[in-house]
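Results of the structural survey
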Amino acid sequence: MTSPVFSDEFRLDLERLFTWRRDVRHFRRDPVPHALLDDLLQASTLAPSVGLSEPWRFVLVEDQARKAAVRNSFQMCNARALEGYDGEQAAGYAALKLAGLDDAPHHVAVFCETVPDQGHGLGRATMPETTTWSAVMAIHTFWLAATASGIGLGWVSILDPDTVSTILEAEPGWDLVAYLCVGYPMEQANTPELERMGWEKRNPERRQWIRR
């Protein structure tokens, strides 16, 4: 098999993809064609996984009652999180739109089967958490494929994972890794919204090697 040669133009496009992959919080409500959602799922399965275990489990949440229950979990967790801030920081937190749960037409929960039979335990004896990291790699691959297709993705982490697992009747041994809002973005940007809103800024030191 002959390996492909990636051109300079492709590498520039790839860098642009990385730059424009943003966490989206504002969505249009028109749905993404299911064929495209299926394509994104197939792309995510090209991610690397420890021992070829493929521990990710993508759940497309379509039931409105389940969506509403997840939103309730977000509201409670978000209220508790707000209590952890004071003064201007509390006001800034309250002004952030931290979830697209109301507008995003699709919700996707990603679980990790932490001790899968597939892979026969290869690579996990000393670092068993690599199954979770493999699921994160699949999420990132899904995210990049979505961005390349003009689809936005928002990662909602202000949730109680046990509550969400119960709502979605997750299988035993599945741990919630991410709850994703998926849909067409209202607008696209090449900088993080939290940076644009003044919540945080990038640290140039994170772009340098740490040498030992």
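Relevant structure appears above.
This write-up is about the structure you can find in this document. If you're wondering where the values come from, they're calculated on a predicted model, not measured in any experiment.

**Description of the environment of Arg22**
Assignment of secondary structure puts Arg22 in the loop between α1 (8–20) and α2 (34–44). On a C-alpha basis, the gap between Arg22 and Pro33 in space is 21 Å, while along the polypeptide they are eleven residues apart. Discounting residues that sit within four places of it in the chain, Arg22 has contacts with Trp143, Leu153, Ala189, Asn190, Thr191, Pro192 and Arg202. Separated by 2.5 Å, the side chain of Arg22 and the backbone oxygen of Thr19 make a polar contact.

**Things to note about the pairing of strand β2 (residues 106–113)**
Within β2, seven of the eight residues are buried, leaving the element largely enclosed by the surrounding structure. Looking at chain direction, strand β1 (residues 56–61) and β2 are connected through six bridges and run antiparallel. Of the residues in β2, the one forming a bridge with Arg57 is Phe111.

**Description of unusual backbone geometry**
Residue Leu52 is not a glycine yet carries a positive backbone phi of 55°. Along the chain, Leu52 falls in the loop between α2 and β1.

**Brief notes about the pattern of salt bridges**
In this structure the tally under the stated criterion is eight salt bridges. Between Asp30 and Arg28 there is a salt bridge, with its nearest N and O atoms 2.7 Å apart.

**Topic: the environment of Ser149**
Along the chain, Ser149 falls in the loop between α5 (130–148) and β3 (152–156). You can call Ser149 partly exposed: its relative accessible area is 35%. Sequence spacing of Ser149 and Tyr184 is 35 residues, and the spatial spacing of their C-alpha atoms is 9.6 Å. Here Ala145 takes part through its backbone oxygen, which lies 3.1 Å from a polar atom of the side chain of Ser149.

**What to know about the sheet that holds strand β4 (residues 174–183)**
With antiparallel pairing, four strands are arranged side by side in an open sheet as β1-β2-β4-β3. The strands lining the two open edges of the sheet, one partner per strand, are β1 and β3. Averaged over all pairs of adjacent strands, the angle between strand axes in this sheet comes to 30°, irrespective of strand direction. Across the face of the sheet, α2 comes into contact with β1, β2 and β4 while running at roughly 165° to β1.

**Remarks on a nonpolar patch on the surface**
A surface patch of nonpolar side chains, about 370 Å² in accessible area, is lined by Phe6, Phe10, Leu14 and Phe18. Relative to the helices and strands, Phe6 resides in the segment before α1.

**Observations concerning the packing of helix α3 (residues 64–82) against helix α4 (residues 87–95)**
For the pair α3 and α4, the least separation of the axes is 10 Å and the interaxial angle reads 160°. In this view, α3 runs roughly antiparallel relative to α4, as classed from their interaxial angle. Viewed along their axes, α3 and α4 form a crossing whose handedness is right-handed. Residue-level inspection shows Asn78, Ala81 and Leu82 of α3 in contact with α4, the latter providing Ala90, Tyr93 and Ala94. For the contact of α3 with α4, the residue count by class is five nonpolar, one polar and no charged.

**Side note on the side chain of His107**
Tracing the backbone through its elements, the reader meets His107 in strand β2. In terms of polar contacts, His107 uses its side chain to reach the side chain of Tyr179, at 2.9 Å. Apart from the residues lying within four places of it in its own chain, the contact partners of His107 are Val59, Leu60, Val61, Lys67, Leu101, Tyr179 and Leu180.

So, how was this worked out
- Residues numbered from 1 in each chain as written.
- Predicted model: local features only at pLDDT ≥ 70, side-chain atom pairs only at ≥ 80, totals over all residues.
- Heavy atoms only, no water.
- Helix = DSSP H or I, 4+ residues; strand = E, 2+ residues; numbered from the N terminus.
- Contact = heavy atoms within 4.5 Å.
- Polar contact = N/O pair within 3.5 Å; in protein donor to acceptor, adjacent residues only side chain to side chain.
- Buried < 20%, exposed > 50% of the residue type's maximum accessible area, 1.4 Å probe, protein only.
- Pairing = 2+ DSSP bridges.
- Salt bridge = Lys/Arg side-chain N within 4 Å of Asp/Glu carboxyl O.
- Axes fitted to C-alpha atoms, helices over the stretch in contact; angles between N-to-C directions.
- Patch = residues over 30% accessible without salt bridge, like charges linked within 9 Å, V, L, I, M, F, W, Y side chains within 5 Å.
- Areas by Shrake-Rupley, 256 points an atom, 1.4 Å probe, with all protein chains shown as cover.
- Parallel < 35°, antiparallel > 145°, perpendicular 65-115°, else oblique.
- Left-handed = near helix turned anticlockwise from the far one by under 90°.
- Nonpolar A, V, L, I, M, F, W, Y, C, P; charged D, E, K, R; others polar.

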